[in-house]
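Coordinates in review
These are the residues of each chain, in order.
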Amino acid sequence: MSLTNSVPEKDVHDLFSRVAPHYDQMNNLISLGTQNGWRKKFLRELKVAPGDFALDLCCGTGDITIALAKHVGPSGNVIGLDFNQDMLELADQKVRKQNLQKEIQLRQEDAMHLPYPDQSFDIVTIGFGLRNVPDANQVLKEIYRVLKPTGKVGILETSQPTNSLVKLGWQTYFKLFPSFAKILGAKVSDYQYLSHTTEKFVSAKHLKKMLEENGFENVQVKKLNLGAGAIHIGIKKKMR
């Protein structure tokens, strides 16, 4: 299982530019149609409060960003951050359609080098993005840095089922998954890459350990679809 992504960052950027028009449909396929339910559970578990200042990393087309904005309300604020402008343009269309321009700012930045001061945010989220960054540990360090004391990190990510039968089915599915790209007229090799990063990402147990090693406390893990996905929520230590 991998903590780092060896594919050059520019190649990953170009890949996401190509998949952007199909991204939402493919997320439905990759989660077996359950991604919307996963996101709703994620937000419930995170317990976002009105007035919170939230940062959504690797925001993609903005679904979690928009959900956060609805929870923090007009007294709060959300920044959606992604390194790919094509994804952000799709997110901007959604934000405008929901009339949330005042609550949401979209920024093209690098999740490994966040342009924000220490202790800036109440909540930082990352959904289906940690497996694609060059260095997951570096992203967790940056999240810890920009969170306020007792602030929360929330990670929604595909995971590794522990049940042997479920694991076998999951592995078989990911061998077939890239062929679905043909249905949408997309490039099969792009989805071979996405399938690979999903299948090879660390287990929920390992990700919990990574969060704890980076200083987070009370890390809670909620498995989804018999371990095919997982929610991780951790708290930044209170300053003494």
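Predicted model, so just to flag it, every value in this text is computed and none were measured.

**Concerning the pairing of strand 2 (residues 77-82)**
Summarising burial for strand 2: 6 of the 6 residues are buried, a large majority. With burial as the criterion, each face of strand 2 is covered, one bearing N77, I79 and L81 and the other bearing V78, G80 and D82. The sheet contact formed by strand 1 (residues 53-57) and strand 2 spans 5 bridges and is parallel. Among the inter-strand pairings, L55 is bridged to a residue of strand 2, identified as I79. Across 5 bridges, the pairing between strand 2 and strand 3 (residues 104-108) is parallel. Each residue of the ladder has a partner; that of L81, found in strand 3, is R107. The β-α-β motif built from strand 2, the intervening helix 5 (residues 85-97) and the parallel element strand 3 has right-handed crossover chirality.

**A closer look at the packing of aromatic side chains**
As enumerated under the stated definition, the model contains 5 aromatic pairs in all. Judged by centre distance (5.1 Å) and plane angle (80°), the ring pair of Y144 and F216 falls under edge-to-face. Residue Y144 is located in helix 6 (residues 136-146), and its partner F216 is located in strand 6 (residues 216-224); the two are separated by 72 residues in the primary sequence. A relative accessible area of 3% means that F216 is categorised as buried.

**A word on helix 6**
Here helix 6 has its buried residues at A136, V139, L140, E142, I143 and V146. Seen along its axis, helix 6 keeps its buried residues to an arc of 160°; they face one direction. As for helix 6, its buried residues are in contact with strand 1, strand 4 (121-127), strand 5 (147-158), helix 9 (204-213) and strand 6. Where helix 6 starts, the residue carrying a side-chain oxygen 3.1 Å from the main-chain nitrogen of N137 turns out to be D135.

**Observations concerning the pattern of salt bridges**
Summed over the entire model, instances satisfying the criterion amount to 12 salt bridges. The shortest N-O distance in the salt bridge between D92 and R96 comes to 2.9 Å. Within this pair, D92 and its partner R96 are both found in helix 5, separated by 4 residues, close to a single helical turn. D92 sits in the partly exposed class, given a relative accessible area of 27%. Between D122 and K148 there is a salt bridge, with its nearest N and O atoms 3.4 Å apart.

**Focus on the packing of helix 3 (residues 35-46) against helix 4 (residues 63-72)**
The geometry of helix 3 relative to helix 4 is characterised by a closest axis approach of 11 Å and an angle of 40° between their N-to-C directions. By the angle between their directions, the pair helix 3 and helix 4 is classed as oblique. Crossing of helix 3 over helix 4 shows right-handed handedness. In this structure, helix 3 contributes R39, F42, L43 and L46 to the contact, and helix 4 contributes D63, I64, A67, L68 and H71. Its residues assigned to classes, the contact of helix 3 with helix 4 shows 6 nonpolar, 1 polar and 2 charged.

The rules behind each value
Residues numbered from 1 in each chain as written. Predicted model: local features only at pLDDT ≥ 70, side-chain atom pairs only at ≥ 80, totals over all residues. Heavy atoms only, no water. Buried < 20%, exposed > 50% of the residue type's maximum accessible area, 1.4 Å probe, protein only. Helix = DSSP H or I, 4+ residues; strand = E, 2+ residues; numbered from the N terminus. Pairing = 2+ DSSP bridges. Right-handed = clockwise from strand over helix to strand, strands pointing away. Phe/Tyr/Trp six-rings, centres within 6.5 Å; stacked < 30°, edge-to-face > 60°. Arc of directions from axis to C-beta. Contact = heavy atoms within 4.5 Å. Polar contact = N/O pair within 3.5 Å; in protein donor to acceptor, adjacent residues only side chain to side chain. Salt bridge = Lys/Arg side-chain N within 4 Å of Asp/Glu carboxyl O. Axes fitted to C-alpha atoms, helices over the stretch in contact; angles between N-to-C directions. Parallel < 35°, antiparallel > 145°, perpendicular 65-115°, else oblique. Left-handed = near helix turned anticlockwise from the far one by under 90°. Nonpolar A, V, L, I, M, F, W, Y, C, P; charged D, E, K, R; others polar.

The values are spatial; any link to function lies outside them.
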